[in-house]
Amino acid sequence: MTMDPAIAEPEPATRQPVLSLRGISKGFGAVQALTEIDLDVHAGEVVAIVGDNGAGKSTLVKILAGVYSHDAGSIAFDGQPVSIGSPAASRELGIATVFQDLALCDNLDVVSNLFLGREITKGTLDEEEMEKRSWSLLRQLSARIPSVRIAVASLSGGQRQTVAIARSLIGEPRIVILDEPTAALGVAQTAEVLNLIERLRERGLGVILISHNMADVQAVADRVAVLRLGRNNGNFRVPDVSYEEIISAITGATDNVVTRRAEARNTERNAS
Amino acid sequence: MSNTATAGSQAERAADLQDERLFHGEGLTGAVEGFIRRVRSGDLGSLPVVIGLIVIWAVFQILNPAFLSADNLVNLSLQCAAIGTISIGIVLVLLLGEIDLSVGSVSGLSAAVLGVTLTQLHWNSVLTVIASVLAGTVAGLIYGLLFTRFGVPSFVITLAGLLGFLGLQLWVLGPNSSINIPFSTWLVTFAQQMFLPPWAAYALAAVAALGLFWSDWRRSRRRRAAGLSSGSMSVMLVKAGLLLVALGVSVWYLATDRGVGAMFVFFVLLVVLMNFLLTRTRWGRAVFAVGGSVEAARRAGIKVNRIYISVFVLCSTFAALGGLLAAARLASVGASSGGTDTNLNAIAAAVIGGTSLFGGRGSAWSALLGILVIQSISSGLTLLNLDASIRFMITGAVLLLAVIIDSLSRRSRASHGQA
Ligand SMILES: Nc1ncnc2c1ncn2[C@@H]1O[C@H](COP(=O)(O)OP(=O)(O)OP(=O)(O)O)[C@@H](O)[C@H]1O
Ligand SMILES: [Mg+2]
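Residues numbered from 1 in each chain as written. Chains lettered and ligands numbered in written order. Predicted model: local features only at pLDDT ≥ 70, side-chain atom pairs only at ≥ 80, totals over all residues. Heavy atoms only, no water.

K.L.:
What am I meant to see in the interface of chain A and chain B here?
P.N.:
Across the contact, 36 residues belong to chain A and 35 residues belong to chain B. Both faces considered, chain A and chain B share a buried interface measuring about 3000 Å² in area, 56% of it formed by carbon and sulfur atoms. Contact with chain B buries area across many residues of chain A, yet N107, L125 and E128 of chain A alone supply 20% of it, more than any other trio. At the boundary of chain A and chain B, one finds six salt bridges. Of the charged contacts in the structure, one is a salt bridge between E128 of chain A and R222 of chain B, with a shortest N-O distance of 3.2 Å. Linking chain A to chain B there are 12 residue pairs in polar contact (both at pLDDT 80 or more). Breaking the side of chain A that touches chain B down by element, the ones donating at least two residues are helix 2 (87-93), strand 7 (121-122), strand 8 (124-125) and helix 4 (127-140) of chain A. Element by element, the count of residues in the side of chain A that touches chain B is highest for helix 4 of chain A, at six residues. Its residues assigned to classes, the side of chain A that touches chain B comprises 14 nonpolar, seven polar and 15 charged. (Contact = heavy atoms within 4.5 Å. Buried area = accessible area lost by both parts, 1.4 Å probe. Salt bridge = Lys/Arg side-chain N within 4 Å of Asp/Glu carboxyl O. Polar contact = N/O pair within 3.5 Å; in protein donor to acceptor, adjacent residues only side chain to side chain. Helix = DSSP H or I, 4+ residues; strand = E, 2+ residues; numbered from the N terminus. Nonpolar A, V, L, I, M, F, W, Y, C, P; charged D, E, K, R; others polar.)

In structure tokens, the structure reads:
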């Protein structure tokens, strides 16, 4: 059932991964959400994590973000073993996370949300500097937000998502984790997020991208790690792998719903 | 004068005014229009309580012309200080979406500690004040630790505290059912007889107006430097001018009687200080964030437990301070200190003043506005010779009204997409 290991990326022996997970397991009561997950992220690399609903992607993200603790396994940052006990610890390491459920404070305005936990101060809060930087950051993401002084509760779903993404860029992250960042975005904003991911890579950051959109994944990712039912189920270099191979790793079989639909469409087309 | 931003001249626009969907008014009319738009969309702020206060004052003045006499207003201001101080702490816990039901007992405990250490143990008066305030701080620390360690709802912890600290208060008092604090103590003098001389009161009013103008002007200058839209000079001047006139008239009127009480000024300064901490510091921002969404605050790296503990500590400390002021004003301490309606009035004041029970919304000023409403009702009914039974019912009705307004404006915000 697991993929032929020959396809997996040969590790660049000279470079040390920024973030390295070994044997991470996590259970919620009776549900074993993650079993012995291995994952490496290098500087200047975009790693996509794909998998079906409930495969454990968000759980893995939350472990890296310090929201959940893991039951077994080890995490190394820059080769040093670390424990990520709290979200604050994760941010201090240089891991910035955009959560699938966004985690914004509805009662605060956009500026306050962007700088939450890392406000700029000059004795007191420096609102002007924060507002200025908010605008330039949001422009960079082509955000269509009319005012940064309104509560985020009054923003649309995509605008909220843009705010959550913009927030992860504040500070000097080494690793940016994006859990389905483009799920609610419009065409232009999705393209901007993909551009942004490429810029982050050029700046030498490690990016972990979680997405159900294979086109996006193939467009920006260098490597794809597949999770299936909480286990590693393949690790591919994007140039070497086809769409069908990724799909069969996600669903666990070459004969599956997706391929059957594709075949049906093909035969229809041939018949007509 | 007001105009709606149009596309086209985008390049010259300030960075925050470039979206063409944005309403933007300029100058005074713009400020007024913006205010009306905010109120319509359910962002009522302190508007209901200000209107309520005016109605209450008008009604009582019609029923009894002594109500707005300088003498009565001076009394009113002094009555506000003690419970108002307790109410500042309640505002803080409400901002987190929590509650403290024991502020009455804690204020009583602090009063008891004051009475016993001062008159029976003959401690130095400064030391007794420190000891009684610290009693509150310790109570708050216990709440904070219980809340963050065991996750017991604050409602239950403080209900236990209500009984526990009442018991402790009675134990500290021992056989004395009531202790008189000598009038010569500076604390009593401060609470009962110290009034600002008129020149000092006028100077304070001028400082307040100048301070408002200075902070507005500085913000506007810094915004312009950052390439953002900045408020217009006329709005700033009108705001500061109105404040100056309002304060000046109040000082003049109160000065026809005894003047502005030192204890009241002390209370207002505490409100200003807390307002500053809540709106201008990282700690204050974190308080609002935790009140809005604990999980989001935690994921943003805020040390949520520290925020909870600091707020519970501050709340009980303010309660103890309020207990001290009440004891000093009555020059006596007893089993009933901090009893009867202290608790309820302090909580009611914060809610009536416009701090939401649902967390994340409110301001330190609601302690001042709310306690003014409550004490006005109480003073007006006393002048009309109505007894406590009626007072309780009316205060209860006003509290209910405030909570209904809070819930309605929350619903209105939701329907305007600003919940
Ligand atoms: N807090 C929790 N308590 C109990 N079980 C949980 C919890 N969070 C996740 N799980 C379980 O862990 C498994 C993995 O969930 P996870 O959210 O990581 O999936 P996912 O891969 O992100 O899915 P999706 O693509 O739908 O976002 C699921 O079976 C889910 O029910
Ligand atoms: Mg998920």
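K.L.:
Before we go on, may I ask you to explain the sheet that holds strand 10 (residues 206-210) of chain A in this structure?
P.N.:
By definition, the strands of a sheet pair up through backbone hydrogen bonds, in either a parallel or an antiparallel sense. Residue and element names in this part refer to chain A. The six strands lie next to each other as 6-9-10-3-11-12, forming an open sheet whose pairing is mixed. Taken across any chain shown, the strands that pair with only one partner, and hence form the sheet edges, are strand 6 (95-98) and strand 12 (231-237). Across the sheet, the mean angle from the axis of one strand to that of its neighbour is 15 degrees, orientation sign disregarded. Here strand 3 (residues 46-50) runs beside strand 10; their pairing, made up of four bridges, is parallel. Considered in strand 10, the bridge of V46 is made with V207. (Pairing = 2+ DSSP bridges. Axes fitted to C-alpha atoms, helices over the stretch in contact; angles between N-to-C directions.)

K.L.:
When you look at unusual backbone geometry in this model, what are you seeing that I'm missing?
P.N.:
Where the residue is not glycine, phi is negative for most of them; where a peptide bond is considered, it is trans in most cases. Despite not being glycine, E36 of chain A shows a phi value in the positive range, around 45 degrees. Here E36 of chain A shows up in strand 2 (residues 31-41). Its identity is not glycine, yet N385 of chain B carries a phi of approximately 60 degrees, on the positive side. Residue N385 of chain B is classed as exposed on the basis of its relative accessible area, which comes to 70%. (Buried < 20%, exposed > 50% of the residue type's maximum accessible area, 1.4 Å probe, protein only.)

K.L.:
Which parts of the structure should I look at to understand helix 6 (residues 187-202) of chain A?
P.N.:
Spacing of three or four residues puts side chains on the same side of an α-helix, whose turn is 3.6 residues. Residue and element names in this part refer to chain A. In this model, helix 6 (16 residues) spans 23 Å end to end at C-alpha, consistent with the 22 Å of a helix rising 1.5 Å per residue. For helix 6, the full list of buried residues reads Q189, T190, E192, V193, L194, L196, I197 and L200. Note on helix 6: the residue one or two positions beyond its end, G204, has a positive phi of about 90 degrees. (Expected span 1.5 Å × (residues − 1).)

K.L.:
In this structure, what is going on with the coordination of the magnesium ion (ligand 2)? I would like to understand it.
P.N.:
All names here are of chain A. In the first shell of the magnesium ion (ligand 2), the protein supplies S58 (OG) and Q100 (OE1), at 1.9 to 2.1 Å from the metal. Taken as a pair, S58 in helix 1 (residues 57-64) and Q100 in the loop between strand 6 and helix 3 (110-114) lie far apart in primary sequence, 42 residues in all. Accessibility expressed as a relative area gives 19% for S58, which makes it buried. (Donors = N, O, S within 2.8 Å, 3.2 Å for Na, K, Ca; no water.)

K.L.:
Which parts of the structure should I look at to understand the site of ligand 1?
P.N.:
Residues and elements named next belong to chain A. Near ligand 1, the surroundings consist of 14 residues, among which G54, K57, S58, T59 and H212 are the closest. Take A55: an N or O atom from its main chain is 3.2 Å from an oxygen atom of ligand 1. Ranked by residue count, the leading element in the shell around ligand 1 is helix 1, at three residues. Looking at the shell around ligand 1 residue by residue, the classes come out as four nonpolar, seven polar and three charged. (Near = heavy atom within 4 Å.)

K.L.:
Explanation requested: the side chain of S356 of chain B in the structure shown.
P.N.:
Residue and element names in this part refer to chain B. Inspection of the secondary structure puts S356 in the loop between helix 14 (342-352) and helix 15 (365-383). Among the residues examined, S356 registers a relative accessible area of 3% and is labelled buried. Engagement of the side chain of S356 in a polar contact is seen with the backbone nitrogen of F358, the distance being 3.0 Å.

K.L.:
Looking at this model, I keep getting lost on the layout of surface pockets. Mind explaining?
P.N.:
Taking a probe equal in size to a water molecule and rolling it over the atoms shows the remaining empty space. Residues and elements named next belong to chain B. Of the volumes computed, that of the second largest pocket is approximately 780 Å³. Lining the second largest pocket are 36 residues, and of these I83, L330, D341, T342 and Q375 sit closest to its centre. Every element with two or more residues in the lining of the second largest pocket is listed here: helix 3 (70-95), helix 4 (103-120), helix 13 (304-330), strand 6 (332-334), helix 14, helix 15 and helix 16 (388-415). Looking at the lining of the second largest pocket, the element that brings in the most residues is helix 3, giving seven residues. (1 Å grid on protein atoms, 1.4 Å probe; cavity = no way out; pocket = protein on both sides within 12 Å on 5 of 7 lines; lining within 4 Å. Points joined across faces, edges and corners; volume = space filled by probe spheres on them.)

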